[in-house]
Amino acid sequence: KKGDLLVVDYGSGSSLLTRLIAERFGTHVRTLSVDVCRYAVEFSVARNRLYNHRAEGWVVEDVLSTLPRDAADVILAYCVFEHLPNVFYQWSRDQ
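Just so it is clear, the structure is predicted and the values come from calculations on it, not from any experiment.

Examining the packing of helix H1 (residues 16-25) against helix H2 (residues 38-48)
Working step 1: Two numbers describe how H1 lies on H2: the axes approach to 9 Å, and their chain directions differ by 20 degrees. When the axis of H1 is compared with that of H2, the two are roughly parallel. Considering how the two elements wind past one another, H1 and H2 form a crossing that is right-handed. Here H1 contributes Leu 16, Thr 18, Arg 19 and Ala 22 to the contact with H2, which in turn contributes Ser 44, Arg 47 and Asn 48.
Working step 2: Here the contact of H1 with H2 is composed, by residue class, of two nonpolar, three polar and two charged.

Quick word on the nonpolar core
Proteins that are soluble and globular tend to have nonpolar side chains buried together.
Working step 1: Counting residues in hydrophobic clusters, the biggest one holds seven residues: Leu 6, Val 8, Tyr 10, Leu 32, Val 34, Val 60 and Ala 72.
Working step 2: It is strand E1 (residues 5-10) that provides the largest number of residues to this core, a total of three residues.

Examining the environment of Leu 76
Working step 1: Here Leu 76 shows up in strand E4 (residues 74-76).
Working step 2: Relative accessible area serves as the criterion here: at 18%, Leu 76 is assigned to the buried category.
Working step 3: Linking Leu 76 and Val 8, residues 68 residues apart in sequence, is a C-alpha distance of 6.0 Å.
Working step 4: Setting aside residues up to four positions removed in sequence, Leu 76 forms contacts with Val 7, Val 8, Asp 9, Tyr 10, Leu 17, Thr 18 and Ile 21.

Side note on the layout of surface pockets
Working step 1: Of the pockets and cavities examined, the second largest pocket occupies roughly 150 Å³.
Working step 2: Around the second largest pocket, the lining residues are Asp 9, Gly 11, Ser 12, Gly 13, Ser 14, Ser 15, Leu 16, Leu 17 and Tyr 78.
Working step 3: The class makeup of the residues in the lining of the second largest pocket is three nonpolar, five polar and one charged.

Observations regarding the sheet that holds strand E3 (residues 56-59)
Working step 1: Spatially, four strands are ordered E3-E2-E1-E4 in an open sheet, and the strand pairing comes out parallel. Each edge of the open sheet carries a strand with a single partner, namely E3 and E4. Sheet twist, expressed as the mean angle between neighbouring strand axes with direction ignored, is 20 degrees.
Working step 2: Note: E1 against strand E2 (residues 29-35), six bridges, orientation parallel. The residue of E2 that forms the bridge with Leu 6 is Arg 30.
Working step 3: Lying on the sheet, H1 is in contact with E1, E2 and E4; it crosses E2 at an angle near 170 degrees.
Working step 4: Across the sheet, H2 touches E2 and E3, and the angle it forms with E2 is around 165 degrees.

Conventions adopted
- Residues numbered from 1 in each chain as written.
- Predicted model: local features only at pLDDT ≥ 70, side-chain atom pairs only at ≥ 80, totals over all residues.
- Heavy atoms only, no water.
- Axes fitted to C-alpha atoms, helices over the stretch in contact; angles between N-to-C directions.
- Helix = DSSP H or I, 4+ residues; strand = E, 2+ residues; numbered from the N terminus.
- Parallel < 35°, antiparallel > 145°, perpendicular 65-115°, else oblique.
- Left-handed = near helix turned anticlockwise from the far one by under 90°.
- Contact = heavy atoms within 4.5 Å.
- Nonpolar A, V, L, I, M, F, W, Y, C, P; charged D, E, K, R; others polar.
- Core = buried A, V, L, I, M, F, W, Y, C linked by side-chain atoms within 4.5 Å.
- Buried < 20%, exposed > 50% of the residue type's maximum accessible area, 1.4 Å probe, protein only.
- 1 Å grid on protein atoms, 1.4 Å probe; cavity = no way out; pocket = protein on both sides within 12 Å on 5 of 7 lines; lining within 4 Å.
- Points joined across faces, edges and corners; volume = space filled by probe spheres on them.
- Pairing = 2+ DSSP bridges.

Nothing here speaks to function; it is all geometry.
Pasting the structure below:
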């Protein structure tokens, strides 16, 4: 729906932050849980769907893959950067 925000939770884990956002803003946001762990993504999406049926997930196969930042309105990355092998490369290269 036009005007709704896309909130990406990069390194979502259990997705506490996007769950709170989904709970507060409901259908006015779309949440995308992104993690290298399939279980974390599935858990996060299921948790977010309790409040927002448009919650989605994406399992990252390669942590150096490009994150589609242009589509996101907000990107959350809580306790993530210390786990990436080369943060500067991943977040600064042209898309």
